[in-house]
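# Observations on chain architecture
Here are the chains, one letter per residue:
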Amino acid sequence: MAPYSLLVTRLQKALGVRQYHVASVLCQRAKVAMSHFEPNDYIRYDLLEKNINIVRKRLNRPLTLSEKIVYGHLDDPANQDIERGKTYLRLRPDRVAMQDATAQMAMLQFISSGLPKVAVPSTIHCDHLIEAQLGGEKDLRRAKDINQEVYNFLATAGAKYGVGFWRPGSGIIHQIILENYAYPGVLLIGTDSHTPNGGGLGGICIGVGGADAVDVMAGIPWELKCPKVIGVKLTGSLSGWTSPKDVILKVAGILTVKGGTGAIVEYHGPGVDSISCTGMATICNMGAEIGATTSVFPYNHRMKKYLSKTGRTDIANLADEFKDHLVPDPGCHYDQLIEINLNELKPHINGPFTPDLAHPVAEVGAVAEKEGWPVDIRVGLIGSCTNSSYEDMGRSAAVAKQALAHGLKCKSQFTITPGSEQIRATIERDGYAQILRDVGGIVLANACGPCIGQWDRKDIKKGEKNTIVTSYNRNFTGRNDANPETHAFVTSPEIVTALAIAGTLKFNPETDFLTGKDGKKFKLEAPDADELPRMDFDPGQDTYQHPPKDSSGQRVDVSPTSQRLQLLEPFDKWDGKDLEDLQILIKKHGIRWVVIGDENYGEGSSREHAALEPRHLGGRAIITKSFARIHETNLKKQGLLPLTFADPADYNKIHPVDKLTIQGLKDFAPGKPLKCIIKHPNGTQETISLNHTFNETQIEWFRAGSALNRMKELQQ
């Protein structure tokens, strides 16, 4: 067998791969490290500038900020076809981040690739496997015990392949990225749908499946359909009870859960400067709920302040030098434009069961009574990757402190999830955590917890109708506690706190009064809190594991008898024939089958298990009216066919008793529709047309059986 270095060279030539860490040795105007943890990997604003200039000359028009950052990371800016919403771009992301639930499959796939080290800075974050039950310390100890096998695998795989490892208890991936890795102009991909959180620091941060992460870690250009750009112009300024969360709650109400699909949402305008950096991150984070590829804010003094406070003044100074490339050009064009006057924006609360059902807080009680939703609030929950910053905790504590001064505690149960160990340690030092405990709260572990369903809820039985309010991002049926009768509403942390104190959706803190322990009525004042701590952040416990310089003796810990982990075997290759007589049924009977779906199929998650498991069980195609972006890519990566009805009305022609044959795969080509023959039980047939978005590279994935199979073919 050829030496590994020769294999890598061949692979790089075949795919146009950049040499490993070549960026760290190229000349640049100023050498500033991407992070404290990778001192030899530098920010390449000079390359960003060069690529932007090439593209601007080609397109001959002003560029949006989104375009500057995305096109500034093109693999071949001089020759890349660029058309919003149509062409596929080959991009060179700066780094990869993975949460522990998705990192397992991503690292197993990377191991299967045969490569010895990741080609770009990459990290693993242990935040998804910690169940909220009793409180932070006890829950963390329990999670370490239950998930020891997974944590050992991720830690040893990270050490073996050069990936930084954030241990359980470190915090939520997106908060860690904001504190340590995001910076203006970065192109970062993460194996979680809320990766866009980093847009609050001026980066293009995009959620992907694990197979996409493997491409980037292998040094292969990453493909993304050229996104459209939706502009959101902000005027006025935030004040009173209105918070950054209300901006995205309003936008979600306007665009709905699929209105941002295929687009980057770019915020701009004079109102931006009234929003803190972490507030901008909140807005970008929840942009995932409208289907957006990602969201981004232009670089400004709020970001500079945050960078400096988190120990990255050198990055802020470098960003100042290249600021023209970190803001949109005057006169740039947006595919759609929304305008929001922050002076007129009122506190919002969205739900239940969908994050785009928007209500002003002042009206939600009356709507709930009309619709038959429970108005009594069982639990209020603050924190999550969306709203767990120092400012969020400070504003919530400011509300709680007022209630305590009048002898009140929360009528509802109340939980607090710090976003990171740094946030936890700092709010403990500055007294916020104790105030929130005093009002009746329980501080949970620095992890995702109830936001993703990791909640051992005891106060209700499954099927019991009840209401909770959260500062989270998602509230789909059963999302938080697996109870389909839980009516979950999302709002800002300060509104959650006020509603938990009042115990009812019918309370409007802007106008309504509470009754103190002394019987006197009082009204809560709008909360005011520092956006950043006056002293430096308290880093808390050291929870980061550096990958060793020499990992040659490192062994990856995967037991051959494990019930949770298994090294991967490749899927079978396409047999060269049309897919005939596919059964429209999901079973474990060894037959090939197809799924028929409606709009936005695969909405709401980056987990590629939703693609791996159907493929493993014999699934070959998914036919829908439309797909969520990440899931569509995940299906392609695993050798399935995500197809859409050329005529959406054809959805009604197919019934579960029918069988389908998909024709045209021998001549499978970009832009060329496939035919589907519907065979009815009575012997009649109908033919319909199916569209697809495969390009040449993705068609090669299908023919090879999966993207990973194709990568291994190229190595050979």
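Below or above, wherever it landed, is the structure these notes cover. (Residues numbered from 1 in each chain as written. Predicted model: local features only at pLDDT ≥ 70, side-chain atom pairs only at ≥ 80, totals over all residues. Heavy atoms only, no water.)

### Some words on the overall build of the protein
In terms of regular secondary structure, the protein is built from 21 helices and 30 strands. Its C-alpha atoms give the protein a radius of gyration of 25 Å, within 12% of the compact-globule value 27 Å for 716 residues. Along the three orthogonal principal directions, the C-alpha set of the protein runs to about 80 × 70 × 60 Å. Sequence separation of 24 or more characterises 74% of the internal contacts of the protein that already satisfy a separation of 6 or more. Distance from the positive charge centre (83 side chains) to the negative charge centre (83 side chains) of the protein: 2 Å. (Helix = DSSP H or I, 4+ residues; strand = E, 2+ residues; numbered from the N terminus. Rg over C-alpha atoms; globule rule 2.2 N^0.38 Å. Contact = heavy atoms within 4.5 Å. Lys, Arg positive; Asp, Glu negative; His and termini not counted. Charge placed at Lys NZ, Arg CZ, Asp CG, Glu CD.)

### Here's the deal with the nonpolar core
Counting residues in hydrophobic clusters, the biggest one holds 106 residues, and the most contacted among them are Tyr45, Leu234, Tyr267, Phe297 and Phe414. The dominant element in this core, judged by the number of residues it contributes, is helix H17 (residues 493-502), at 7 residues. Core analysis: the second largest hydrophobic core is formed by 56 residues, Tyr71, Ala103, Cys126 and Ile204 among them. (Core = buried A, V, L, I, M, F, W, Y, C linked by side-chain atoms within 4.5 Å. Buried < 20%, exposed > 50% of the residue type's maximum accessible area, 1.4 Å probe, protein only.)

### Side note on the sheet that holds strand E10 (residues 228-235)
In space, the 4 strands of this open sheet follow the order E12-E11-E10-E13, with parallel pairing throughout. At either margin of the open sheet sits one strand with a lone partner, and together these are strand E12 (294-296) and strand E13 (336-341). Ignoring which end each strand starts from, the neighbouring axes of this sheet average 20° apart. Together, E10, strand E11 (263-268) and E13 form the strand contacts of helix H9 (residues 244-255), whose direction differs from that of E13 by roughly 135°. (Pairing = 2+ DSSP bridges. Axes fitted to C-alpha atoms, helices over the stretch in contact; angles between N-to-C directions.)

### Points about the pattern of salt bridges
For the structure shown, the criterion picks out 35 salt bridges. Among the ionic pairs, Glu289 bridges to Arg474, the shortest N-O distance being 2.5 Å. Taken together, the residues Glu289 in the loop between helix H10 (277-285) and E12 and Arg474 in the loop between strand E19 (466-470) and strand E20 (486-490) connect sequence positions 185 residues apart. Like Arg474, Glu289 is buried. Measuring nitrogen to oxygen at the nearest pair gives 2.7 Å for the salt bridge that ties Arg457 to Asp459. A residue is classified by how much of its surface remains accessible, and Arg457, at 11% relative accessible area, is buried. Judged by its relative accessible area of 22%, Asp459 falls in the partly exposed class. (Salt bridge = Lys/Arg side-chain N within 4 Å of Asp/Glu carboxyl O.)

Distances and angles like these do not, on their own, reveal function.
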